[in-house]
Amino acid sequence: MGKKGIIKKAMEVGEIGFSKDGGAINWFPGHMAAATRAIRSRLKLSDLVIEVRDARIPFSSANQDLQPQLSAKRRVIALNKKDLANSNVLNKWVRYFDSCKQDCLPISAHSRSSVRKLLDLVEFKLKEVISREPTLLVMVVGVPNVGKSALINTIHQIASTRFPRKKVLCIVQEKMKRATVGPLPGVTQDIAGYKIAHQPSIYVLDTPGVLVPNIPNIEIGLKLALAGSVKDSVVGEDRIVQYLLTVLNTRGTPLHWKHLANPIEETTQISKDKPDYNPKDLRPKMKKLPDASDLLYVKDLVAEVRHALFVTLSEFGGNIEDENDMECLVEHQFEVLQKVLRIPHKSSEARLMVSKKFLTLFRSGKLGSFVLDDVPES
């Protein structure tokens, strides 16, 4: 199906609450309402805001309800997860923000060198305030799962090396607490602060990830779900992957994978030794570094998936712009992916397993780097 067809089907998902006129996604857990009120009140006191967005969706990952307040403050937009985004397109987004007189910096929240560049920019932006204020507040905001807590933790690590004898100050709870990092959206539910500079004292405040009460555009909602800012169960993994495949097919992305040899003809002993695929195998193991066989296993799997999508699209005889033709192509690709991922044909949850594994490959960057938002015309 085409994008319109995907959106029509997405509107049928009751939990996310799409309106009949193509309106909003109604997904607003109670803690988000309370957090939004706290964020609004503290924004008034902040001297600068770091707005963290997902580099793959620089526009869609903005909290539109907070934009009037954020745009009125000193602000730096940090496009996190830059390693998962297409660098050429990301540079175009940076130039776009520059043309709008908005400071913007692509970062990797887990990289100290990357975060140090962000802090240098923050201190530069605060120069004119430093001379007259003894204490400055920098607030970190963003929608769920864009990497705010990971950024805060790296900032805290950097601050600890600068102030080894200083205790971390928690502005709200008045106790020491590091930000909780998790793979699911909505993990951070408190507002905590960390001292990063002295004379003047600069505190960075972490905040929960909050979405708008109603996501006004359904495609934006699907992009947020694809990036993991909305829980998969709200939209459904099947719907998310349908949208992703439609985007890839529409852009002709699989055709760029033509150079890949047929990985099926070059099956290695590793693939024979590991016939059953598990989504957990694709995730990095914290306690054990992957050995050469694990890396080759994932590499072979990715090559097979990319080759399968190339073949299905290159041999497609229909019209990409036609919703029915696109629907047939996507359904065929699901069938092919099921075979490539070695999912039992009779499995009652085969489609769900295909969706989860394909999403894992996309979100981990194994399929390649992507930016889903188009850069606005200047």
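Residues numbered from 1 in each chain as written. Predicted model: local features only at pLDDT ≥ 70, side-chain atom pairs only at ≥ 80, totals over all residues. Heavy atoms only, no water.

Participant: Describe the overall build of the protein, with residues and values.
Facilitator: Looking only at helices and strands, the protein has 14 helices and eight strands in total. Looking at the 378 residues of the protein, the share that counts as buried comes to 51%. For the protein, restricting intrachain contacts to residue pairs at least 6 apart in sequence, the fraction spanning at least 24 positions comes to 74%. Counting only carbon and sulfur atoms, one obtains 52% of the accessible surface of the protein, whose full area is about 18600 Å². (Helix = DSSP H or I, 4+ residues; strand = E, 2+ residues; numbered from the N terminus. Buried < 20%, exposed > 50% of the residue type's maximum accessible area, 1.4 Å probe, protein only. Contact = heavy atoms within 4.5 Å. Areas by Shrake-Rupley, 256 points an atom, 1.4 Å probe, with all protein chains shown as cover.)

Participant: I'd like a description of the side chain of T312, backed by residues and values.
Facilitator: Mapped onto the fold, T312 is located in helix α12 (residues 292-314). Classification of T312 by relative accessible area gives buried; the value is 6%. Only 3.2 Å separates the side chain of T312 from the side chain of Q333, close enough to count as a polar contact. Filtering out sequence-adjacent residues up to four positions away, T312 remains in contact with L329, H332, Q333 and V336. (Polar contact = N/O pair within 3.5 Å; in protein donor to acceptor, adjacent residues only side chain to side chain.)

Participant: Could you give me a rundown of the environment of F59, with the residues and numbers involved?
Facilitator: Inspection of the secondary structure assignment puts F59 in the loop between β2 (48-54) and α3 (67-71). The spatial distance from the C-alpha of F59 to the C-alpha of P376 is 9.5 Å, given a sequence separation of 317 residues.

Participant: Run through helix α10 (residues 237-251), naming residues and quoting values.
Facilitator: The terminal C-alpha atoms of α10 lie 21 Å apart, and with 15 residues this matches the ideal 21 Å at 1.5 Å per residue to within 8%. Across the 15 residues that make up α10, a large majority, 11, are buried. Among the residues of α10, those classed as buried are E237, I240, V241, Q242, Y243, L244, L245, T246, V247, L248 and N249. Immediately downstream of α10, the backbone of G252 shows phi near 70°, a positive value. (Expected span 1.5 Å × (residues − 1).)

Participant: Describe empty space enclosed by the protein, listing the residues and the values that go with them.
Facilitator: Applying the stated criterion across every chain, the model contains two cavities of 30 Å³ or more. If you trace the second largest cavity, you find 13 residues lining it, with N63, L66, V141, G142 and V143 closest to the centre. Within the lining of the second largest cavity, the residues separate by chemical class into eight nonpolar, four polar and one charged. (1 Å grid on protein atoms, 1.4 Å probe; cavity = no way out; pocket = protein on both sides within 12 Å on 5 of 7 lines; lining within 4 Å. Points joined across faces, edges and corners; volume = space filled by probe spheres on them. Nonpolar A, V, L, I, M, F, W, Y, C, P; charged D, E, K, R; others polar.)

Participant: Describe in detail unusual backbone geometry, supporting the description with residues and values.
Facilitator: A positive phi is found at K101, a non-glycine position, where the angle reads about 60°. Tracing the sequence through the fold places K101 in the loop between α4 (87-99) and β4 (103-106). In this structure K101 comes out as exposed when scored by relative accessible area, which is 76%. With a phi angle near 65°, N145 is a residue other than glycine that sits in the positive phi range. Tracing the backbone shows N145 in the loop between β5 (135-141) and α7 (148-162). Given the relative accessible area of 19%, N145 is considered buried.

Participant: Just give me the short version of the packing of α10 against helix α13 (residues 323-340), but keep the residues and values in it.
Facilitator: Here α10 crosses α13 at 115°, and the two axes come no closer than 10 Å. Taken as axis vectors, α10 and α13 run roughly perpendicular relative to one another. Crossing of α10 against α13: the hand is right-handed. Note on element contacts: α13 touches α10 through M326, L329, V330, E331, Q333 and F334, opposite D238, V241, Q242, L245, T246, N249 and T250. (Axes fitted to C-alpha atoms, helices over the stretch in contact; angles between N-to-C directions. Parallel < 35°, antiparallel > 145°, perpendicular 65-115°, else oblique. Left-handed = near helix turned anticlockwise from the far one by under 90°.)

Participant: I'd like a description of the packing of α13 against helix α14 (residues 350-363), backed by residues and values.
Facilitator: Their axes nearest at 10 Å, the elements α13 and α14 cross at an angle of 85°. Judged by the angle between their axes, α13 and α14 are roughly perpendicular. Contacts between α13 and α14 involve E331, F334, L337 and Q338 from the first element and A350, R351, V354, S355 and F358 from the second. Counted by class, the contact of α13 with α14 contains five nonpolar, two polar and two charged residues.

Participant: Describe in detail the layout of surface pockets, supporting the description with residues and values.
Facilitator: A water-sized probe rolled over the atoms picks out the places where empty space is left. Taken as a whole, the second largest pocket spans an internal volume of roughly 190 Å³. Every residue lining the second largest pocket is listed: N86, V89, K92, R251, T253, S369, F370, V371, D373, D374 and V375.

Participant: How would you explain the packing of aromatic side chains if you had to name every residue and give the values?
Facilitator: Here the structure, examined in full by the defined rule, presents four aromatic pairs. Joined through ring pairs, the aromatic side chains of W93, Y96 and F97 make up one cluster. (Phe/Tyr/Trp six-rings, centres within 6.5 Å; stacked < 30°, edge-to-face > 60°.)

Participant: Which residues make up the pattern of salt bridges, and what are the values?
Facilitator: Under the counting rule described, the total for this entry stands at 10 salt bridges. Note that R363 and D232 form a salt bridge whose closest N and O atoms lie 2.7 Å from each other. Of the two residues, R363 is situated in helix α14 and D232 in helix α9 (residues 232-235); the sequence distance between them amounts to 131 residues. Under the relative-accessibility criterion, R363 is labelled partly exposed at 23%. Several salt bridges converge on common partners, so that one network encompasses E51, R53 and R75. (Salt bridge = Lys/Arg side-chain N within 4 Å of Asp/Glu carboxyl O.)

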